[in-house]
Amino acid sequence: MIKDIFINILSSSISVRFNDVERSILEYVKEVYKKYKSVSHGFDHVMRVYNLSVKIGVKENADINVLKIAALLHDVGRVLYGEREHALKSAKIAKELLSKMGLEKEFISRVVEAIKAHSFSGKERPVSIEAKVLSDADKLDAIGAIGIARCFMYAGEHKRSLEKSIEHFYEKLFLLKDLMYTKTAKEIAIQRHIFMEKYLQELKAELNMLK
Ligand code: NI
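Think of each chain on its own: its residues are numbered from 1, step by step along the sequence as written. For a predicted model such as this one, the threshold for reporting local features is a pLDDT of at least 70, and the threshold for listing and counting side-chain atom pairs is 80 or more; totals across whole chains, interfaces and linings nevertheless cover every residue. Here the side-chain values reflect all heavy atoms present in the structure, with hydrogen atoms and water set aside.

Student: Where do I start with a nonpolar patch on the surface in this structure?
Tutor: Residues form patches when they are more than 30% accessible in relative terms and have no salt bridge. Like charges link within 9 Å. Nonpolar side chains (Val, Leu, Ile, Met, Phe, Trp, Tyr) link within 5 Å. Here the open area of atoms and residues is found with the Shrake-Rupley method and a 1.4 Å probe, where only the protein chains shown may cover a residue. A pair is scored as a salt bridge if a Lys or Arg side-chain nitrogen falls within 4 Å of a carboxyl oxygen belonging to Asp or Glu. Taken together, Phe 120, Leu 175 and Leu 179 make up a surface patch of nonpolar side chains, about 230 Å² in accessible area. Here a helix means four or more residues in a row that DSSP labels H or I, a strand means two or more in a row labelled E, and each is numbered from the N terminus. With respect to the element layout, Leu 175 can be found in the loop between α9 (162-171) and α10 (183-209).

Student: Explain the coordination of the nickel ion here, please?
Tutor: Each pair of donors in an ideal four-coordinate tetrahedral metal site encloses 109.5 degrees, whereas pairs in an ideal six-coordinate octahedral site enclose 90 or 180 degrees. All of the protein donors around the nickel ion are His 45 (NE2), His 74 (NE2), Asp 75 (OD) and Asp 138 (OD); their distances to the metal are 2.2 Å. In this structure, the nickel ion is surrounded by four donor atoms whose angles at the metal cover 85 to 178°, and the resulting shape is irregular. All donors of the nickel ion come from a single chain, and their spacing in sequence reads H-x28-H-D-x62-D. Here Asp 138 lies in helix α7 (residues 129-140) and Asp 75 lies in the loop between α3 (64-73) and α4 (76-81), a separation of 63 residues in the sequence. Metal donors: N, O and S atoms at distances within 2.8 Å, or within 3.2 Å for Na, K and Ca, with water omitted from the atom set so that some sites may seem incomplete. Here a site with four donors is tetrahedral if all angles are between 85 and 135 degrees, and a site with four or six donors is square planar or octahedral if opposite donors are over 155 degrees apart and the other angles are between 65 and 115; anything else gets the irregular label.

Student: Even after reading the chapter, I still don't get unusual backbone geometry, so can you show me in this structure?
Tutor: Both trends apply: most residues other than glycine have a negative phi, and most peptide bonds are in trans. You will see that Glu 85, though not glycine, has its phi angle at about 50°, which is positive. On the secondary structure map, Glu 85 appears in the loop between α4 and α5 (86-100). Even without glycine at this site, Lys 159 takes up a positive phi of about 50°. Among the structural elements, Lys 159 can be located in the loop between α8 (144-158) and α9. Relative accessible area decides the class of each residue, using a 1.4 Å probe on protein chains only: under 20% of the type maximum gives buried, over 50% gives exposed, and in between gives partly exposed. Accessibility expressed as a relative area gives 75% for Lys 159, which makes it exposed.

Student: Explain the packing of aromatic side chains to me, please; I cannot follow it from the model alone.
Tutor: Any pair of aromatic rings gets described here by the distance separating the centres and the angle formed by the planes. In this analysis, rings of Phe, Tyr and Trp, with Trp reduced to its six-membered ring, are considered paired at centre separations within 6.5 Å, and the interplanar angle assigns stacked below 30 degrees, edge-to-face beyond 60, and tilted for intermediate values. Tallied over the entire structure, the rule returns seven aromatic pairs. Here Phe 169 and Phe 174 contribute two aromatic rings whose centre-to-centre distance is 5.8 Å and whose plane-to-plane angle is 55°, an arrangement assigned as tilted. Note on Phe 169: relative accessible area 0%, which makes it buried.

Student: Can you walk me through the layout of surface pockets in this structure?
Tutor: The gaps of empty space that remain are located by a probe, the size of a water molecule, rolled over the atoms. Using a grid of 1 Å spacing that covers the protein atoms alone, one calls a set of points a cavity when a 1.4 Å probe fits there but cannot get out, and a pocket when the set is open and has protein on both sides within 12 Å along at least five of seven lines; lining residues are those with an atom within 4 Å of a point. Grid points are joined across faces, edges and corners, and a volume is the space filled by probe spheres set on the points. Considered as a void within the structure, the largest pocket measures approximately 460 Å³ in volume. Around the largest pocket, the lining is made up of 23 residues, and of these His 41, Arg 78, Glu 83, Ala 142 and Lys 172 lie nearest the centre. Taken together, the elements giving at least two residues each to the lining of the largest pocket come down to α7 and α8. Across the lining of the largest pocket, the residue classes break down as six nonpolar, nine polar and eight charged. When residue character is reported, Ala, Val, Leu, Ile, Met, Phe, Trp, Tyr, Cys and Pro are called nonpolar, Asp, Glu, Lys and Arg charged, and the others, Gly included, polar.

Student: Help me out: how do you make sense of helix α6 (residues 105-116) in this one?
Tutor: Helical geometry note: an α-helix holds 3.6 residues per turn, so side chains three or four residues apart project in the same direction. In this analysis, the expected span of each helix is defined as 1.5 Å times one less than the number of residues it contains. In this model α6 runs 16 Å from its N-terminal to its C-terminal C-alpha over 12 residues, within 8% of the 16 Å that 1.5 Å per residue would give. Between two residues, a contact is recorded if the distance between any of their heavy atoms is within 4.5 Å. Tucked inside the fold, the buried residues of α6 contact α3, α5 and α7.

Next up, the structure:
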């Protein structure tokens, strides 16, 4: 029998029901993130991607169990081995962990495929619906009001200037709405994109006022 527990993630005010397999993975992920200094890619990002994946996945008829596990593990490689090629690193860790837990090979390979293809900078492109949903959820968390907040958190972490952060909107954030694979995510992305455009307009107006 699968025992559910209710975990309240205070940092992100998100409550989620987890089954036993998820719970073990969640414990592992939480442990990994304990040592991680980044706030822009912290554990609350993982939980938002998890929740977005489930929300989008239900509408897109994806396998929710594959999605949940993939979302929880999608960035562990970034935490343990750095940003570069982190999707491949996360996928490798997921494969080892899930194999150790004795999960079915087919299930593992679907989780691994989704994780491999989720990254903006990675070379792999998503094929399965689960991979597409995870990619969309991760990118949605980089845009809109949350995206703006994360952009400047990242700027603080890496001492990136305001000017450079504005460039980042044009180099990456404004491109993301056109990189959505699912219709559900695309709709959310358009709203978030419009808000970012408004924000940037205001930011530029305030900066121009000083010239
Ligand atoms: Ni991510």
